[in-house]
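Spelled out, the chains give:
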Amino acid sequence: MNNQFKKNWQVCPPALIIAGAMGMLVDDYGMSHREVFELIEAIKRDTWHGLAEMHAENKKGGRVQ
């Protein structure tokens with residue numbers, strides 16, 4: 001990840017979408033903040049390997065930004 005985004009995720013459009021979706025889970029779906037973070041942990045567990053594979057492919061000459 002670009003160091004700039006680690007320090008200031010508010011300038012990263014995809015991160016803003018994630019933050020907005022978190023707000024929607026609270027406002028529109030009635031989840032508590034604890035439930036939102038539990039859901040995020042489940043998503044992290046379920047997507048970890050796929051994202052790691054995508055990253056490895058990018059390093060081998062795939063799509064790089």
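Quick caveat: nothing in here was measured; it's all calculated off a predicted structure.

**Some thoughts on the layout of surface pockets**
Looking at the second largest pocket, its volume works out to about 160 Å³. The wall of the second largest pocket is formed by Ile-43, Lys-44, Thr-47, Trp-48, Leu-51 and Ala-52.

**Structural notes on the pattern of salt bridges**
According to the stated counting rule, one finds one salt bridge in the structure shown. The salt bridge partner of Glu-41 is Lys-44, with a shortest N-O separation of 3.2 Å. A residue pair is termed a helical-turn pair when its members lie 3 or 4 positions apart in one helix, as Glu-41 and Lys-44 do in helix H3 (residues 33–59) at three residues. Judged by relative accessible area, Glu-41 falls into the partly exposed class, the value being 38%.

**Side note on the packing of helix H2 (residues 13–27) against H3**
Angle between the axes and distance between the axes are the two parameters that describe a pair of packed helices. For the pair H2 and H3, interaxial distance at closest approach is 9 Å and the crossing angle is 130°. Regarding the angle of H2 to H3, the classification is oblique. The two elements H2 and H3 cross, and the hand of that crossing is right-handed. Facing Met-22, Leu-25 and Val-26 of H2, the residues of H3 in contact are Val-36, Phe-37, Leu-39 and Ile-40.

**Describing the environment of Asp-27**
Mapping Asp-27 onto the fold places it in helix H2. As for Asp-27 and Trp-9, which are separated by 18 residues in sequence, their C-alpha atoms are 22 Å apart.

**Let's talk about the confidence of the model for the chain**
Averaged over the chain, the pLDDT score is 90; the fraction of residues at 70 or greater is 91%. Here helix H1 (residues 3–7) is the element of the chain with the lowest mean pLDDT, 75, and H2 is the one with the highest, 96.

**Side note on H3**
Taken as a whole, H3 carries its principal kink of about 50° at Thr-47. Looking one or two residues beyond H3, the residue adopting positive phi is Gly-61, at roughly 120°.

Reading the values: the criteria
Residues numbered from 1 in each chain as written. Predicted model: local features only at pLDDT ≥ 70, side-chain atom pairs only at ≥ 80, totals over all residues. Heavy atoms only, no water. 1 Å grid on protein atoms, 1.4 Å probe; cavity = no way out; pocket = protein on both sides within 12 Å on 5 of 7 lines; lining within 4 Å. Points joined across faces, edges and corners; volume = space filled by probe spheres on them. Salt bridge = Lys/Arg side-chain N within 4 Å of Asp/Glu carboxyl O. Helix = DSSP H or I, 4+ residues; strand = E, 2+ residues; numbered from the N terminus. Buried < 20%, exposed > 50% of the residue type's maximum accessible area, 1.4 Å probe, protein only. Axes fitted to C-alpha atoms, helices over the stretch in contact; angles between N-to-C directions. Parallel < 35°, antiparallel > 145°, perpendicular 65-115°, else oblique. Left-handed = near helix turned anticlockwise from the far one by under 90°. Contact = heavy atoms within 4.5 Å. pLDDT = per-residue confidence, 0-100. Bend = angle between axes of the 7 residues up to and from the residue.

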